[in-house]
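Remarks on the overall topology
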Amino acid sequence: MYANFLCVHRLLTEELCLSFETKGRGATFAFSVYHHKNGGIPIPGLVRHAILFPRAMIVLLVLCLVGMLTTARGFRGAASLGGIVSRRYQSSVSAFNNGLSDYSLSEAPAVKVGASTALSFRGDLLVVPFYKPSVSEASEEASAEEQDAALSAGLKSLIPDGLDADVKSMIGEIVESGLFKGDVKATYVTKVFGSGSVKSLALVGLGPNPKKDGPATDLEVKSANRLGEAIMRLSKDTKSRSVGVVAPTGIANAGLTQVFLGMTDGHYADTRYKKVPPGGFPVHPMVDLTILGVSSAVEKDVAVTYSLTKMIGSGVDFARDLVGAPSNSKTPLVIADLARKIASDHNIECTVLGQAECEELGMGAYLGVQQGSKFPPQFVHLAYKPEGGATKKIALVGKGLTFDSGGYNLKAGAGSMIELMKFDMGGCAAVLGTAKAIAQLRPKNVEVHFITALCENMINEEAMRPGDILRASNGKTIEVLNTDAEGRLTLADALVYADKIEGVDTIVDLATLTGACIVGLGDKLAGLYSPDDSLLQELTSAAKRADEGIWGMPLPVEYKEMIKGSLGDLKNIGGRAGGSITAALFLQEFVDPKTKWAHIDMAGPVWDNGTSKPTGYGVKLLVDFLLNAK
Ligand SMILES: [Zn+2]
């Protein structure tokens, strides 16, 4: 028996490779047997083993027979035994992936939202937000105690008049005690005993009042987002089902939208890959939310405001889910299926091109990147076309590297972030998340195309080599001087494709493109490039309204020298200096100068390093941009 084991072990490790494919939950599996060197069946080896270790061969043949008989797919196993072995998976959704092939989306809690012009509230939790009162010039000279007293008095004067008497006196005591000062993100929570109108009371600090103390509208957005996050956190902490929130004074529908968007940030938790505990994962307790003290106009609109915000939120969550998913659960085929599902769920058009179609279109740059992966490329194109026609046609292109090993220029050593390269499809996630939101919002007059060239950058004997020359679909040739600068190669063909869509006059691409952009702008700001000042301005304003960090960057013509090829037309890297800029200049080579084009390098803000969570960056910004497109 030991000899048999040794033999099988040797068969498996030395001479034969036995590969199992599993599909979904089903018990289907198949074998393919092939020689690890030659890619064919090692007949001499088999014969030798059959003579030397007959019992081991019987075990192996029985295993193969089980594989063949279990499913029709087993015949592939039989074909493999006959020597026809493809090392490339034709249907890679079924590739072995530790049972993670059942891709799912995290779920937002179902909350019934209402509003009231009154402040009176009976329920489990009352949330009262406070801006921090500004300390006047004179009081800066005062002692700490005097300043605290001034702050308490200031906060006391901000307690809304219409609150129930018991609540009002409680808040008065809290701010007098100095336990709550209204600082950004500060919260004070207390349980209310007895038979009062509420069971818990929470004060939330919003920081300085943007209307009084800050000129910037982004402060208003930020404080509204913060309030939304706090609502979800505090209701969870206090296990409250019914929650009332005093609205910041004078809040309009736009401000309330930001509070609701903050709530989507506050609830996000990814439990998809954990073992389900007995009784399931805990559900967020809040079922009822009432916004108190709003104008009658806001009260009337609140249901619509909330349902529109949920549509945007579903896109943001979709993007977060996609970016956060491990690469073995989101192969190009899986994401292409998700795109098809968006299209069928929300009634938009969907086209997916496979290897052959991409070859036909001459997408040599994109296909070059994909060569080393066992997963076939999937080029996804969703299209939203409004009823009654469009006056504006926009294409969004997202980089979709489901994993980036770097290729032969392998990401190695500290700081290479190879373990995080599942997020290299952040641009694709932003574009598909936006598709999900826009397909529900259905804006008038604007037609939107959502494009992503999905693939993996991996290594095998078919992978592209450093120094290879690729030909993109616009005919330009590219010297691949670094296989890790692959995103721009996939984008090159995607941009050419987008530019050819009839009537499209504006293209915005988003990509986790360069580490250089993180070095330059940190992880809270994306780099925004465009030769068109009006597009630059529109995107900057949209980003500001959506509270997504962005910074305008230059496209200096003289830097083009750095990406000029010697054997080919272009080279895919321009050196360390200005790495994010030369990447943008490279992309510009694949867009018609007559088309308005912008590039967003979002390598930094795709991931929150503080919480180690995906941010869903780009969806809110793109949705705002599209809804305001003229
Ligand atoms: Zn790369």
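Just so it is clear, the structure is predicted and the values come from calculations on it, not from any experiment.

Observations concerning the confidence of the model for the chain
Here the chain shows a mean pLDDT of 84. Residues at 70 or above account for 81%. Across residues 1-45 the pLDDT falls below 50, and counting only partners more than four positions away or on other chains, this stretch makes 82 contacts in the model. pLDDT under 50 marks residues 70-102. Its contacts with residues more than four places away, or in other chains, come to 68 contacts.

A few points about the sheet that holds strand β15 (residues 506-511)
Strand order across the open sheet formed by eight strands is β9-β10-β12-β11-β15-β19-β16-β17, with mixed pairing between neighbours. At either margin of the open sheet sits one strand with a lone partner, and together these are β9 (349-353) and β17 (550-553). Looking at each pair of strands side by side, their axes are set apart by 20° on average, direction ignored. Summarising the sheet, strand β11 (residues 390-404) and β15 pair through five bridges and their orientation is parallel. Counterpart to V397 in the pairing with β15 is D509. Of the strands in this sheet, β9, β10 (378-384), β11 and β12 (445-457) touch helix α10 (residues 332-346), which is tilted by about 15° from β10. Those strands touched by helix α13 (residues 426-441) are β10, β11, β12 and β15, and its axis lies near 140° from that of β11.

Points about α10
Spanning 15 residues, α10 covers 21 Å between terminal C-alpha atoms, matching the ideal 21 Å at 1.5 Å per step. Those residues of α10 that fall on the buried side of the exposure criterion are P332, L333, V334, I335, A336, A339, I342 and A343. Elements in contact with the buried residues of α10: β9, β10, β11, α13 and β12. Following α10 by one or two positions, N347 has its phi on the positive side, about 60°.

Some details on the pairing of strand β5 (residues 187-191)
Pairing analysis gives five bridges linking β5 to strand β6 (residues 198-208), with the strands arranged antiparallel. The residue bridging V189 from the neighbouring strand is A202, located in β6. Two successive antiparallel strands, β5 and β6, enclose a turn made up of six residues, where G194 displays a positive phi of approximately 90°.

Overview of unusual backbone geometry
For K185, which is not a glycine, the phi torsion comes out positive at approximately 70°. A positive phi angle, close to 60°, is found at N347, a residue other than glycine. Positionally, N347 belongs in the loop between α10 and β9. What makes N347 exposed here is the crowd of 11 C-beta atoms within 10 Å.

Some points on the environment of D317
Here D317 shows up in helix α9 (residues 296-324). Distance from D317 to Y268, taken between C-alpha atoms, is 7.5 Å for residues 49 residues apart in sequence.

Some points on the sheet that holds strand β18 (residues 570-571)
Taken in spatial order, the three strands line up as β13-β14-β18 in an open sheet, and their pairing is mixed. Edge positions in the sheet fall to β13 (469-471) and β18, since each has one partner strand and no second. Across three bridges, β13 lies against strand β14 (residues 477-479) in antiparallel orientation. Residue pairing in the sheet places L470 in a bridge with I478 of β14.

Let's talk about the environment of G565
Of note, G565 is situated in the loop between β17 and β18. In sequence terms G565 and V480 are 85 residues apart; their C-alpha atoms lie 9.7 Å from each other. Beyond its immediate stretch of four places on either side in the chain, G565 contacts E479, L570 and K571.

Considerations on the packing of helix α8 (residues 253-267) against α9
Two quantities define a packed helix pair, namely the angle between the helix axes and the distance between the axes. Close contact between α8 and α9 brings their axes to 9 Å; oriented N to C, the two are set at 40°. The angle between α8 and α9 places the two elements in the oblique class. In the crossing of α8 with α9, the sense of the turn from one axis to the other is right-handed. From α8, N253, L256, T257, F260, L261 and T264 reach across to α9, where they touch V298, D301, T305, Y306, T309, I312, G313, V316 and D317. Looking at side-chain class alone, the contact of α8 with α9 contains seven nonpolar, six polar and two charged residues.

Observations regarding the packing of α9 against α13
Interhelical geometry of α9 versus α13 gives an angle of 155° and a closest axis separation of 8 Å. Taken together, the axis directions place α9 and α13 in an arrangement best described as roughly antiparallel. The interaxial crossing formed by α9 with α13 has right-handed handedness. Facing α9, whose interface residues are L308, M311, I312, S314, G315, V316, F318, A319, L322 and V323, α13 presents G426, A429, A430, L432, G433, T434, K436, A437, Q440 and L441. Residue classes in the contact of α9 with α13 are distributed as 13 nonpolar, six polar and one charged.

Procedures and definitions
Residues numbered from 1 in each chain as written. Predicted model: local features only at pLDDT ≥ 70, side-chain atom pairs only at ≥ 80, totals over all residues. pLDDT = per-residue confidence, 0-100. Contact = placed C-beta atoms within 7 Å. Pairing = 2+ DSSP bridges. Helix = DSSP H or I, 4+ residues; strand = E, 2+ residues; numbered from the N terminus. Axes fitted to C-alpha atoms, helices over the stretch in contact; angles between N-to-C directions. Expected span 1.5 Å × (residues − 1). Buried ≥ 20, exposed ≤ 12 C-beta atoms within 10 Å, placed from the backbone. Parallel < 35°, antiparallel > 145°, perpendicular 65-115°, else oblique. Left-handed = near helix turned anticlockwise from the far one by under 90°. Nonpolar A, V, L, I, M, F, W, Y, C, P; charged D, E, K, R; others polar.

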